[in-house]
Amino acid sequence: VSLGTSGITVFQTRMDYYADVNHYVFNRDFSNLSKEKILETLDQFDVIVWACHNVNPKPQDNYGFSSTQMWLIQKLSETKKQVVDIFGSPYALAAFENSNLVSAFIASHNDWEITRDFSAQLIFGGIGTDARLPVSAGKSFHEGDGFTVKPIRLKFTRCPEEVGIDSRRLYAFDSVALSGVKNGAYPGCQVIGVRKGIVFYNRSFGYQTYDNKTPVTDFTVYDMASVTKIMASTLSIMKLYDEGKLRLEDSLSAYIPGLCNTDKSKITVKDAMMHQAKLTPWIPFYTRTTRTDSLRQVYYSAKFSKDFTLQVTEEMYLRGDYRDTIFDEIYKSPLLSKKEYRYSDLGLILCGEMISKIVGTSLDNYARESFYRPLGANYTCFNPLNYFDISRIAPTENDTIFRKKQVHGYVHDQAAAMFGGVAGHAGLFSNAIDMAKLCQMLLNKGEYGGVRYIQSSTIELFTKTDEKSPKNRRGIGFDKPIMSDRGSGPACKSASASSYGHSGFTGTYFWVDPEEDLVYVFISNRVYPIAENNKIISLGIRTNLHQLMYESIITDSVAQK
């Protein structure tokens, strides 16, 4: 809430980067509304942050505060936590003779743009402070007053050198990302670089589509495709592992009874996650339901009903009982002849089902309550149309075969669509900022925002290669670089042996490197409008950007010069 001479306005600012709450955008001036109406509008918030502009040190002017503004703060103190941020003279604190009205005061001293930025980061834990009041103000505030606050979340810097990154190299990042747009590898993208817990690069490029109508912003939401395997399924399994609710050596059949009397009864959780369970790489489940128009009419309906409950896209609902048919196809699918690394969606589909069986709720609910909501990853979800307007979501493929329409707001992956948008291998939507938060939690050895989500020993176990599987480069769920042939594989040539990450079919990618304390996230919709567009790979956009981040790190010799 902004308090200024023009009145009272509720608005959304860059605080959106840091806030661990849901956001509402009003963008309207309340100066002409009654005090009661303003209170009614603010009632839906748990915490009120007052940004106090146009304050002054004059007590005869009540330091720039109107009686209405002060009445609102006093009234809301009865039911709400409040933060008052003074963008101007700290003497204005004297307006608050009763300092117990609010939970915290911040003296920001001036009203510069950069000051507003840092104040927002301070409020939401991006930066810390040990500053003290340089003057006394009124009866309640004395010279030397203050608290020491430590940073607990991502910080956004305007000076990359703060974390040993050469800012002159960032222009090359822009060039590489824009080259993908210019060459038609994707219509737009988001790129984030984080080092030592500080975001040193955060840019969005291009548009959601090639018609150049809707620009990509930092808050555009994308289909993450197989990144779901990590940021939903693997995270959930790590938490359940910590809680002793599963073991990696357990057979999936211990949790999924349908596997018991099949040739897959002894597949372990670990083998499924490492893609070495001899499972078929992929099954086009949808083909059996769409071979003819008559089959489509049997399996799909244009409306939701008690029989047709699985929404594939708008005006397309699959029979609810077909979920069992999909699992039956997996159970009966032939196993490969050798136990070796072979990437397969089926293992993570089964793992997603296992998670649901253990926790007694759906994967999306469990991941949201266990990770996304408490982390403040407010743009991360399954079935994003339940949370966001479609204009906020980047479209994916124009599907001419299965759904016969442009896929927009619904999961691109056909199998995940047939599960109603929630599956262990695909279905997650997010943006680069949220992915960076989740990656930083992993890099922090399981802790973020003062909360521990996963034990550090569990992260170490899941993100390293398995000595018992020397021909499999992967960790447990996580992808790993190919160190024996640097320059090939999923990561750039400078990625360390301890680094890990994953990519997604739609043009998404994240990589975490503990040795350099580095997080890299790239998100695009390269499958728009056709999935056959592989320019992002042929041009090496994602790994080239990743390599540039390593090359931008200032070495000791350069730093000394």
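Visitor: I tried to follow the overall build of the protein chain on my own but got confused; where do I start?
Guide: For the protein chain, the helix and strand inventory stands at 17 helices and 22 strands. For 561 residues, the compact-globule estimate of 2.2 N^0.38 gives 24 Å, and the protein chain sits close to it at 26 Å. Projected onto its principal axes, the C-alpha coordinates of the protein chain cover approximately 85 × 65 × 50 Å. The proportion of buried residues among the 561 residues of the protein chain is 55%. Across the protein chain, the fraction of contacts at a sequence separation of at least 24, relative to all contacts at a separation of at least 6, is 62%. Accessible surface for the protein chain amounts to roughly 24800 Å². Of this, 49% is attributable to carbon and sulfur atoms. The protein chain carries 63 positive and 61 negative side-chain charges, and their two centres are separated by 4 Å.

Visitor: How should I be thinking about helix H4 (residues 170-182) in this particular structure?
Guide: An α-helical turn contains 3.6 residues, so any two residues separated by three or four positions project in the same direction. Its 13 residues place the ends of H4 18 Å apart at the C-alpha level, agreeing with the 18 Å of an ideal helix rising 1.5 Å per residue. Among all positions of H4, only Leu 170, Phe 173, Asp 174, Val 176, Ala 177 and Gly 180 are buried. Taken down its axis, H4 places every buried residue within 170 degrees of arc, on the same side. Those residues of H4 that are exposed and aimed more than 90 degrees away from the buried face are Tyr 171 and Lys 182. For H4, the secondary structure elements touched by its buried residues are strand E8 (188-195), strand E9 (198-206) and helix H16 (541-551). The positive-phi residue at the C-terminal boundary of H4 is Gly 184, with phi of around 75 degrees.

Visitor: Can you walk me through the packing of aromatic side chains in this structure?
Guide: Each pair of aromatic rings is reported with the distance of its centres and the angle of its planes. For the structure shown, the criterion picks out 20 aromatic pairs. Seen from the ring of Trp 71, Lys 35 lies directly overhead, with NZ or CZ sitting 4.4 Å from the centre. Cation over ring: Arg 319 sits above Phe 308, and NZ or CZ is 5.7 Å from the ring centre.

Visitor: I'm lost on the sheet that holds strand E10 (residues 222-223) in this one. Help?
Guide: Backbone hydrogen bonds are what pair the strands of a sheet, in a parallel or an antiparallel way. As summarised here, the arrangement of the 3 strands in space is E10-E17-E14, forming an open sheet in which the pairing is antiparallel. The open sheet is flanked by E10 and strand E14 (381-382), the only strands paired with a single partner. With 2 bridges joining them, E14 and strand E17 (residues 428-430) adopt antiparallel strand pairing. Note that in E17 the partner of Cys 381 across the bridge is Phe 429.

Rules behind the numbers
Residues numbered from 1 in each chain as written. Predicted model: local features only at pLDDT ≥ 70, side-chain atom pairs only at ≥ 80, totals over all residues. Heavy atoms only, no water. Helix = DSSP H or I, 4+ residues; strand = E, 2+ residues; numbered from the N terminus. Rg over C-alpha atoms; globule rule 2.2 N^0.38 Å. Buried < 20%, exposed > 50% of the residue type's maximum accessible area, 1.4 Å probe, protein only. Contact = heavy atoms within 4.5 Å. Areas by Shrake-Rupley, 256 points an atom, 1.4 Å probe, with all protein chains shown as cover. Lys, Arg positive; Asp, Glu negative; His and termini not counted. Charge placed at Lys NZ, Arg CZ, Asp CG, Glu CD. Expected span 1.5 Å × (residues − 1). Arc of directions from axis to C-beta. Phe/Tyr/Trp six-rings, centres within 6.5 Å; stacked < 30°, edge-to-face > 60°. Lys NZ or Arg CZ within 6 Å of the ring centre and 35° of its normal. Pairing = 2+ DSSP bridges.

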